[in-house]
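A closer look at the structure
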4 protein chains.
Amino acid sequence: MTQQIGHLIDGERLNDGASTQPVYNPATGEVCAELAMASPQVVEQAISSAKQAFPAWAATPPAARAQIMYRFKQLLEQNQDKICELITLEHGKVLSDAKGELARGIENVEYACGIPELLKGEHSRNVGTKIDAWSEFYALGVVVGITPFNFPAMVPLWMWPSAIMCGNCFILKPSERDPSSALYIAELAQQAGLPKGVLNVVNGGVDVVNQLIDAPEVQAVSFVGSTPIAEAIYERSASQGKRCQALGGAKNHAVILPDADLDVVTNSLMGAAFGSCGQRCMAISVAVTVGDKVADALVAKLAPKVEALKVGPGTDNSNEMGPIITGAQKQKVIGYIDQAIEQGASLVVDGRTKSVPQYEAGFFLGGTLFDNVTPEMTIYQQEVFGPVLVVVRVETLEQAVRLINEHEYGNGTCIFTRDGEAGRYFSDHVMVGMVGINVPLPVPVSYHSFGGWKRSLFGDLHAYGPDSVRFYTRRKAITQRWPSRGVQDGTQFSFPSYSEDD
Amino acid sequence: MTQQIGHLIDGERLNDGASTQPVYNPATGEVCAELAMASPQVVEQAISSAKQAFPAWAATPPAARAQIMYRFKQLLEQNQDKICELITLEHGKVLSDAKGELARGIENVEYACGIPELLKGEHSRNVGTKIDAWSEFYALGVVVGITPFNFPAMVPLWMWPSAIMCGNCFILKPSERDPSSALYIAELAQQAGLPKGVLNVVNGGVDVVNQLIDAPEVQAVSFVGSTPIAEAIYERSASQGKRCQALGGAKNHAVILPDADLDVVTNSLMGAAFGSCGQRCMAISVAVTVGDKVADALVAKLAPKVEALKVGPGTDNSNEMGPIITGAQKQKVIGYIDQAIEQGASLVVDGRTKSVPQYEAGFFLGGTLFDNVTPEMTIYQQEVFGPVLVVVRVETLEQAVRLINEHEYGNGTCIFTRDGEAGRYFSDHVMVGMVGINVPLPVPVSYHSFGGWKRSLFGDLHAYGPDSVRFYTRRKAITQRWPSRGVQDGTQFSFPSYSEDD
Amino acid sequence: MTQQIGHLIDGERLNDGASTQPVYNPATGEVCAELAMASPQVVEQAISSAKQAFPAWAATPPAARAQIMYRFKQLLEQNQDKICELITLEHGKVLSDAKGELARGIENVEYACGIPELLKGEHSRNVGTKIDAWSEFYALGVVVGITPFNFPAMVPLWMWPSAIMCGNCFILKPSERDPSSALYIAELAQQAGLPKGVLNVVNGGVDVVNQLIDAPEVQAVSFVGSTPIAEAIYERSASQGKRCQALGGAKNHAVILPDADLDVVTNSLMGAAFGSCGQRCMAISVAVTVGDKVADALVAKLAPKVEALKVGPGTDNSNEMGPIITGAQKQKVIGYIDQAIEQGASLVVDGRTKSVPQYEAGFFLGGTLFDNVTPEMTIYQQEVFGPVLVVVRVETLEQAVRLINEHEYGNGTCIFTRDGEAGRYFSDHVMVGMVGINVPLPVPVSYHSFGGWKRSLFGDLHAYGPDSVRFYTRRKAITQRWPSRGVQDGTQFSFPSYSEDD
Amino acid sequence: MTQQIGHLIDGERLNDGASTQPVYNPATGEVCAELAMASPQVVEQAISSAKQAFPAWAATPPAARAQIMYRFKQLLEQNQDKICELITLEHGKVLSDAKGELARGIENVEYACGIPELLKGEHSRNVGTKIDAWSEFYALGVVVGITPFNFPAMVPLWMWPSAIMCGNCFILKPSERDPSSALYIAELAQQAGLPKGVLNVVNGGVDVVNQLIDAPEVQAVSFVGSTPIAEAIYERSASQGKRCQALGGAKNHAVILPDADLDVVTNSLMGAAFGSCGQRCMAISVAVTVGDKVADALVAKLAPKVEALKVGPGTDNSNEMGPIITGAQKQKVIGYIDQAIEQGASLVVDGRTKSVPQYEAGFFLGGTLFDNVTPEMTIYQQEVFGPVLVVVRVETLEQAVRLINEHEYGNGTCIFTRDGEAGRYFSDHVMVGMVGINVPLPVPVSYHSFGGWKRSLFGDLHAYGPDSVRFYTRRKAITQRWPSRGVQDGTQFSFPSYSEDD
């Protein structure tokens, strides 16, 4: 009998009797669980639980709230093997990669532990004579997060620890593909002492998402996923007057200058392009070589390594790539490769027919490498989200920057060089939100914030870090003057200016 | 021949030949100028001018940009009489009130002078071994501001000084009712050395607004006005993936506790309710009395003062109220008063038939005071934007707070008391963005930020102050590791965690 | 055989063979251990261990250092009973009070966990064209802390967690009276993974202190204790060019206004004056009554409660006061009481002859209450550090503030009132570093900073919180311009101004 | 008759009748004025004036204080020619250099304009249930600044604008050599509206300094000058329990790597070493070449330029160097050169006998260049403060850094390279407070802070910028809980922990 995956509502697992949807083990291609798809009633329950939990939670001093995060961090560390198993089972990524993902998630929990510091407002004595003013940051109420399959444990941890430490109650709608790790992690939070209702997890599809966005109790929406959905969610939230941050797709370029150490670059690109099968919004999918000499040498170094990529089930840490998340996605990637060939790209390594012994039904693909890709090709324009690296050749750094700036996405990028001027020119001119200088995956650390530019992010505040605290709070500005006994102020019909002595 | 009011495009006044619309002197009821309504071509010109000015302006060091603001502040001070004349001519408010408005606007210019401090990013050394990370805040590009009639000089100064100091180019669409002061002020900015194209002013109506929002070059939209339009603009901006902050309507309550000094309260309310004819988004339009004893005494003190309000042209500083902005708005206010009487409110002072000798055609109204208003009445629910103060009677502070929290708006509010617990209870529990404790108009000083809650503001960042710098910039996160000569890093397929020594 | 208390050097307990000094259990008056007094060689070892540990520790990324703090927090929580036993054994305070002390200490550890956030420098792009500037905060090297007997666990935790998280190596010289809890806690830090040498504990007296201050390797000195020693240490440190923060004595006044709830005040004062026998630098030792009516009523309420204070060994949680730290200190307190009587103060409750059955040799004193104390009396001028509360009568709040401002100390103070104006007047005018409004012991939370004014603190930065991070680091300002290939700058003999385009 | 230079006390010029001292025009060697040396009575007057001005000034809202700074900035700009004339007359530097100095000073005035932003404290709501805490920064009272001859206009502007904007009253003791520009600037501040007594200028020598430090009214001391005096002042201030920041001498090294563009380096070094005759605490006096090839090439490029340095009166802008400040200092520099020759340094260009036609009595020196200088030589160890550049040859960057780190001073330094790793290695490892990467004079911009390490600065806070605001203020921490009507708290004998719900 297949395992049932339910929801976490008001501190309890709930296996909703309504419709279900299979969850696959992508390494075997078999169904590993049935996922309950929340009915409107269940979504209502989650909202109602969150709403009820809110007043007491928001009134709990931040330093007291933080105590739960400290214990939660411990529990995450103690249960990391179990969490990583769940990630690998449903997502497919190699265990060591799952561990890396979780480590990054825990860093966000650490950041959230510092909430007393992060919630500080600004205090101004004497904005006018005997008048003080200060700001306070209040929780919004019920807020919602919708997260993608590719980092099933980490992306939820980008959102809810910060949101609830700010005093909000949170409803998480994880990916239908691999919901178990997020659910398990949410249970650990309960175990750490989180009051029921502060964090609810609801599984489902687009209907659940829409119901959550439309609910009057929901104050804000955080989303990470593809750009078309990000846009739709941003618009839907706004049409109801809500704040929203919606992170979308990416096409991340690595620029390789002639002075770069190509062995280092090759190693970096192998991990950045093929780690987690390229199913990362920060994956490098385009190598931009400056000068043909670099291009030729780089392709020569990459080809045998791509060919030799060790592909297999993520449960075996000696593998370098696990399977693609679904069969459909695997076919989509193959389609992009086919199209690229048609459109004239030079196929250097072909990963389409990779087969893993004993795992023939798994959704595996080998690594694919293209050379001579040009901006007009579909494989350059689209986010492939698969183990495909393409080389685009340019002649100058300026051209490389222009190429990147003309792409619709602006999530991450990096440059390989040891030249200070080149690094600064690149970081200064590139219209991308996260820039690495010799750092292939420039995911900001948890105490900075994550976000792309252009069509990679909709909203004005980035995810996690300082921006998330601002996103999950509402500013209140207080101006205070205590009355002077016996002093009568003259009526003031004119607009007051505190900087004068009044 | 009537004076023509045109646009400011690329540093030059432009009198567009297309359609025009009359601008009135509300004190006389006469047309004082014809306003050019921008054609699509003119709007295009403004956008194109801003777009062309952007790269050089954004690359100008913030400290150099600030020099223009220092000179601009001086010019505003030197020309304050002229500016206030323009405000009073077209808006009608009393000159001394115009001066107060301008003073507050200049404070925003002062804040913008501090841009080198305000644009500082965060730098972290050793996020991992030999890896540094920092954040930088970049200008967005071309941004747009749409401003209301009631503070024709101040609200534009809330927006564009901050926006352009952040490195953006700005297009201002001022109110059609009283555009001249904003236009004149923009010319002073040119005089202060602002490069052409950095600030453009375009006059027009809804078509111009829509064209601006829809233009692909426009990156962000700031709006101050009524809630329905704020919502529409927020949604329209979002549907194109743009960031927007849209400030809407208000219904600001003053709570009067029994321990308040009623002479002080009366004086405060007179200014806060009737200053500028109540046409302020921070005007107090509801007095919430706690206990009938306070209510009776307050009404007794208010009535003769409301009766005695000195109404007349704003050019005479001895007047306390000028005219309403338009005849239509005057009729709308009268309609609200009529309806309140029908719905059972007690009319204490009736300002409907006020007439000003020699200014019979002016849009004047006297002050109106209602007692025994209840939450169901239209005059309580709607933003009247006229010289009408209503008294709502409650029995406890808790009821007062509940009343306020149940109103759809949450812009400003204040409490009159000398009791510390009451003040803190109020500021803590009231769901309003700007709270005054014995401060009737708690407009935050320029170095804090302005914004309401609930349906008074759409977006996640408030206007001016710290929030505006965040709104008008895009965060870039840079992670940097310089290569070690001769050191080969192992390929890293797993997701990197910088906190380990790698 | 008596237990030996040694040092913690380079990660190991070391029982120095040199001279020893007895440590007493003040509840029994018996020696409970022999404390090794470090020889110059041992001090040298500590310095040398710290110096050697420094480079690797300073180069460890802050986020990695923080991991140790998270584990350390856990260990403190798990071992709190043991720690509190040690505190109570040697200091005498009641166990529940020891627990309160430890809880406050742990809050400082939590603050230190946030070090990645706290160490952020400021980054400015384009301070001039293509010139960037930023600041970084570096560890100082070896730093020293000298801590008092009254909070043997907490005060060390004010210092070293912040200091070592900043990257320093720390040498702690705890009080000779009750060193065991600090030593035990330091061992827990080792257990949490602190590399050896990062934290050393050296026991001893003035010679050890002087040797530490004079050692060229020592970069900074933190001290908490009495004012004469604070001054001496501040001067000694400065005479060697070192930074120092030295916190000294206190005479904390509570002002009671006529509108205060005297039951609340009485309860608050009982805890604030007699908790830990008044041996706290934040203890309230002076009640300043405004008006004789308040004074009479307050004394009437206090007297029976002071009389009824439950005094006995700290191991019994039902006691309200334990013993005084030493017999000598007990005699000193009695001397102050004798003198006050001679000088004309009205003795209301006399605690001098309190005896605790079965603990006759313990250093116990009962609570003492004086009325009609005046500023000329020794008991008003001196910090008594015993269970003695004096009442000074004044007529107005202004007089109360003047009284406080004329005292040489300015550590803490509080006011009891519900009047907003009174609270603000008091906090604004009182020349004291830590102010409570209806908070009798206004010890700032760990994420603010602790420090007095006037002769209560020497130095410019306060203890713990934000100031401590600044104290334990050195600012480095970096200005960077990468060369433009092929561009020759003109020689610049004039002093450069980056705000011009150069 | 010679002009008399007096003091500025309580808003008035005062020509004290006591002793005087000549001020020289170093370009002619003639006395250009007689400087009044303040008697103890005059110093008392200054202190008394400052003390009296303090309460009203400290109570003036920061935003109102800032208005004076805005006007003062304008006046400085309008009167820059006059100020620069005074600088050049008494100091000797070339007018264009004086203008650069003044521009930097004005930047500090701009920073001070932002005081409302800079004085913000931190506000924490709910540090415990219904308990708030915040910090406020108060002015210290009367503070003192003692400034050196080499930047007679700029260094005072580092100090007093920040100090007085923080609410302090300031007493400036400028250099006896060239006091006029500081005095004139102080008068401009009066003209800008500064209340009398807020800024006083007292001229004099060591007695005046000591009297100021010792005065009980004086709360803090800022000093810039030589290290021995800095140390003495730091110790003297500390021995009276006062805060002090004392900036001392420097020996600034420029490291030249083989990849640097030597034409750029040569030009940079010419300005950095010989500008203002090397009489700058940020002057480069040591060029550290990495590799003999670089050394040989650099010396070859430098020699003819040093030889050709145009020396003459500062009033002629075509000159590159003016005279040395005094004849005695000129002799001292010659002495260093003589000694270097004796100790074996290779004299490449000898500036000792430079004579300027028509200015034979002026204190001129030509530029001097030494090669093959070693760390043992006096000319390497001492701060020469003259137009002497020495080349020290090393083989590796590591050696260069070690050399710098072993010098007793650690003020400024820079590296010339285009290599990212080298720049980061250098800035990370060098124990110097201000680091330039391809920036020869890395004086931090006004919104960062200025300060050296090691024996170049005593104190824990740097000059100007954010640190100066902290230095010139005292932190007050307020914790507030308003009483709940009718609620009785239990007496709390244990130490309170706000993070629990109490």
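In the annotation of an unreviewed UniProt entry, the entry for chain A reads methylmalonate-semialdehyde dehydrogenase (CoA acylating), and the organism field reads Vibrio xiamenensis.

Next up on the list: the relation of the copies chain B and chain D. Turning chain B through 180° and shifting it by 0.0 Å along the axis lays it on chain D, with an RMSD of 0.0 Å. This pairing of chains is accounted for by a two-fold axis. No C-alpha of chain B approaches the rotation axis more nearly than that of Gly114 of chain B, which lies at 2.8 Å. Of the residues that chain B buries at the interface, 100% are likewise interface residues in chain D, meaning the two copies contact each other through the same surface.

Once that is clear, we can look at the interface of chain B and chain A. Taken together, the contact pairs 92 residues of chain B with 93 residues of chain A. Inspection of the chain B/chain A interface yields four salt bridges. Seen at the junction of chain B and chain A, the total is 32 residue pairs in polar contact (both at pLDDT 80 or more). Residue composition of the side of chain B that touches chain A, by class: 39 nonpolar, 29 polar and 24 charged. Sheet analysis places strand β20 (residues 434-437) of chain A next to strand β23 (residues 473-480) of chain B, joined by four bridges and oriented parallel. Bridged to Val435 of chain A within β23 of chain B is Ile478 of chain B.

With respect to the helices and strands, the residue Ser135 of chain D is situated in strand β7 (residues 131-139). Under the relative-accessibility criterion, Ser135 of chain D is labelled buried at 1%. Of the polar contacts made by the side chain of Ser135 of chain D, one reaches the backbone nitrogen of Glu122 of chain D; its length is 2.9 Å. Leaving out residues up to four positions away in the same chain, Ser135 of chain D has contacts with His123 of chain A, His448 of chain C together with Gly121, Glu122, Arg475, Lys476 and Ala477 of chain D.

This brings us to the interface of chain B and chain D. Contacts between chain B and chain D engage 30 residues on the former and 30 residues on the latter. Summing both partners gives a buried area of about 2,400 Å² for chain B against chain D, and 47% of it is carried by carbon and sulfur. Summed over the shared surface of chain B and chain D, the number is four salt bridges. Its salt-bridge partner being Arg424 of chain D, residue Asp132 of chain B comes within 2.5 Å of it at the nearest N-O pair. In this assembly, chain B and chain D are joined by 14 residue pairs in polar contact (both at pLDDT 80 or more). Within the residue set of the side of chain B that touches chain D, elements represented by two or more residues are α2 (62-78), α4 (95-113), α5 (115-118), β6 (121-128), β7 (131-139) and α15 (420-429) of chain B. Examining the composition of the side of chain B that touches chain D, we find that six residues originate from one element, α2 of chain B, more than from any other.

All names here are of chain A. The strand order across the open sheet built from three strands is β1-β5-β4, with neighbouring strands paired in mixed fashion. Lying at the two open borders of the sheet, with one neighbouring strand each, are β1 (3-5) and β4 (20-25). Each adjacent strand pair in this sheet contributes to an overall mean axis angle of 40°, direction not counted. Where β4 meets strand β5 (residues 30-36), six bridges bridge the pair, whose relative direction is antiparallel. Note that in β5 the partner of Pro22 across the bridge is Glu34. Lying over the sheet, helix α3 (residues 80-91) contacts β1, β4 and β5, oriented at roughly 100° with respect to β4.

When chain B is fitted onto chain A, the two copies agree to an RMSD of 0.0 Å after a turn of 180° and an axial shift of 0.0 Å. A share of 100% of the interface residues of chain B reappears at the interface of chain A, consistent with the copies meeting face to face through the same patch.

All names here are of chain B. In terms of burial, β23 is a largely internal element, eight of the eight residues being buried. Across eight bridges, the pairing between β7 and β23 is antiparallel. By the bridge assignment for β23, Tyr138 is matched with Arg474.

What follows is about the pattern of salt bridges. Any two side chains of opposite charge can pair, on the condition that their charged atoms come close. Under the defined criterion, the tally for this structure stands at 108 salt bridges over all chains. One salt bridge in this structure joins Asp214 of chain A and Arg236 of chain A, with 2.6 Å as the shortest N-O distance. On the criterion of sequence distance, the pair formed by Asp214 of chain A in helix α8 (residues 206-214) and Arg236 of chain A in helix α9 (residues 227-238) is long-range, its members being 22 residues apart. With a relative accessible area of 29%, Asp214 of chain A lands in the partly exposed category. The partner of Asp371 of chain C in a salt bridge is Arg393 of chain C, and the shortest N-O contact between them spans 2.8 Å. Of the two residues, Asp371 of chain C is situated in strand β16 (residues 368-371) and Arg393 of chain C in strand β17 (residues 388-394); the sequence distance between them amounts to 22 residues. Arg393 of chain C sits in the partly exposed class, given a relative accessible area of 24%. Look at the salt bridges and you will find they share partners, linking Arg125 and Asp132 of chain A, Arg424 and Asp428 of chain C together with Glu136 of chain D into a network.

All right, on to the state of the cysteines then. Within the structure shown, the criterion is met by zero disulfides over all chains. In this structure Cys169 of chain A is a free cysteine whose sulfur lies 12 Å from that of Cys166 of chain A, the closest cysteine sulfur available. Summary of cysteine pairing: Cys281 of chain D is not part of a disulfide, and the nearest cysteine sulfur, belonging to Cys414 of chain D, is at 14 Å. Here Cys281 of chain D falls in the buried class, since its relative accessible area comes to 12%.

So, about the domain arrangement of chain A. One frequent convention defines the size of an interface as the accessible area lost when the parts assemble. Residues and elements named next belong to chain A. Considered domain by domain, chain A is made up of domain 1 (3-248 + 456-477) and domain 2 (252-437). In this structure, domain 1 and domain 2 have C-alpha centres spaced 31 Å apart. Each side of the interface is counted separately: domain 1 has 21 residues, and domain 2 has 26 residues. Carbon and sulfur atoms make up 63% of the surface buried where domain 1 meets domain 2, a total of about 1,900 Å² over both sides. Three residues, Ala27, Val94 and Ser456, lead the burial of domain 1 against domain 2; their summed loss comes to 26% of the area buried on that side. For the pair domain 1 and domain 2, the number of links is one salt bridge.

Let us look at the packing of helix α14 (residues 397-406) of chain D against helix α15 (residues 420-429) of chain D. All names here are of chain D. Two elements in contact, α14 and α15, have axes whose closest approach is 10 Å; the angle formed by their N-to-C orientations is 25°. By the criterion of interaxial angle, the relationship of α14 to α15 is roughly parallel. When the axes of α14 and α15 are compared, the crossing they make is right-handed. Contacts between α14 and α15 involve Leu397, Glu398, Val401, Ile404 and Asn405 on the former and, on the latter, Ala422, Tyr425, Phe426 and His429. Here the residues of the contact of α14 with α15 are counted per class, giving six nonpolar, two polar and one charged.

A few words now on the packing of aromatic side chains. Residue and element names in this part refer to chain C. This model, assessed by the stated rule, comprises 44 aromatic pairs over all chains. An angle of 40° between the planes, with centres 5.1 Å apart, marks the rings of Phe72 and Trp160 as tilted. Of this pair, Phe72 sits in helix α2 (residues 62-78) while Trp160 sits in helix α6 (residues 154-165); the two residues are 88 residues apart in sequence, bridging distant segments of the chain. Judged on exposure class, the residue Phe72 and its partner Trp160 are both buried.

Looking now at helix α1 (residues 40-59) of chain A. Residues and elements named next belong to chain A. With 20 residues, α1 ought to run about 28 Å at 1.5 Å a step, and its terminal C-alpha atoms sit 29 Å apart, in line with that. The axis of α1 is deflected most strongly, by about 40°, at Ala53, and proline Pro55 appears within four residues downstream. Every buried residue belonging to α1 is among Val42, Val43, Ala46, Ile47, Ser49, Ala50, Ala53, Phe54 and Trp57, and all of these are buried.

Moving on to α9 of chain A. Residues and elements named next belong to chain A. The terminal C-alpha atoms of α9, which comprises twelve residues, lie 16 Å apart, in line with the 16 Å expected from a rise of 1.5 Å per residue. Those residues of α9 that fall on the buried side of the exposure criterion are Thr227, Ala230, Ile233, Tyr234, Ser237 and Ala238. Looking straight down α9, one finds that the buried residues subtend no more than 130° of arc, so they occupy a single side.

This next bit is on the environment of Gly366 of chain A. Residues and elements named next belong to chain A. Among the secondary structure elements, Gly366 is positioned in the loop between β15 (346-349) and β16 (368-371). Expressed as a C-alpha distance, the spacing of Gly366 and Ser355, which sit eleven residues apart in the sequence, is 8.1 Å. For Gly366, the contacting residues outside a window of four places in its chain are Val311, Met321, Gly351, Lys354 and Pro387.

Moving on, we get to the confidence of the model for chain A. Residues and elements named next belong to chain A. On average, chain A scores 95 in pLDDT, and the residues at 70 or more come to 96%. The low-confidence segment residues 486-490, where pLDDT is below 50, has eight contacts with residues more than four positions distant or belonging to other chains. What the predictor reports for the complex is a pTM of 0.96 with an ipTM of 0.95.

This part takes up the packing of helix α4 (residues 95-113) of chain D against helix α6 (residues 154-165) of chain D. Residue and element names in this part refer to chain D. Between α4 and α6, the shortest axis-to-axis distance is 8 Å and the interhelical angle comes to 10°. Classified by the angle between their axes, α4 and α6 sit roughly parallel to one another. Note on element contacts: α6 touches α4 through Met154, Leu157, Trp158, Pro161, Ser162 and Met165, opposite Glu101, Leu102, Arg104, Gly105, Ile106, Asn108, Val109 and Ala112. In terms of residue class, the contact of α4 with α6 is built from nine nonpolar, three polar and two charged.

Each value, and the rule that gives it
Residues numbered from 1 in each chain as written. Chains lettered and ligands numbered in written order. Predicted model: local features only at pLDDT ≥ 70, side-chain atom pairs only at ≥ 80, totals over all residues. Heavy atoms only, no water. Least-squares fit on C-alpha atoms with pLDDT ≥ 70 in both. Contact = heavy atoms within 4.5 Å. Salt bridge = Lys/Arg side-chain N within 4 Å of Asp/Glu carboxyl O. Polar contact = N/O pair within 3.5 Å; in protein donor to acceptor, adjacent residues only side chain to side chain. Nonpolar A, V, L, I, M, F, W, Y, C, P; charged D, E, K, R; others polar. Pairing = 2+ DSSP bridges. Helix = DSSP H or I, 4+ residues; strand = E, 2+ residues; numbered from the N terminus. Buried < 20%, exposed > 50% of the residue type's maximum accessible area, 1.4 Å probe, protein only. Buried area = accessible area lost by both parts, 1.4 Å probe. Axes fitted to C-alpha atoms, helices over the stretch in contact; angles between N-to-C directions. Disulfide = S-S within 2.5 Å. Domains from an automatic or database assignment. Parallel < 35°, antiparallel > 145°, perpendicular 65-115°, else oblique. Left-handed = near helix turned anticlockwise from the far one by under 90°. Phe/Tyr/Trp six-rings, centres within 6.5 Å; stacked < 30°, edge-to-face > 60°. Expected span 1.5 Å × (residues − 1). Bend = angle between axes of the 7 residues up to and from the residue. Arc of directions from axis to C-beta. pLDDT = per-residue confidence, 0-100.

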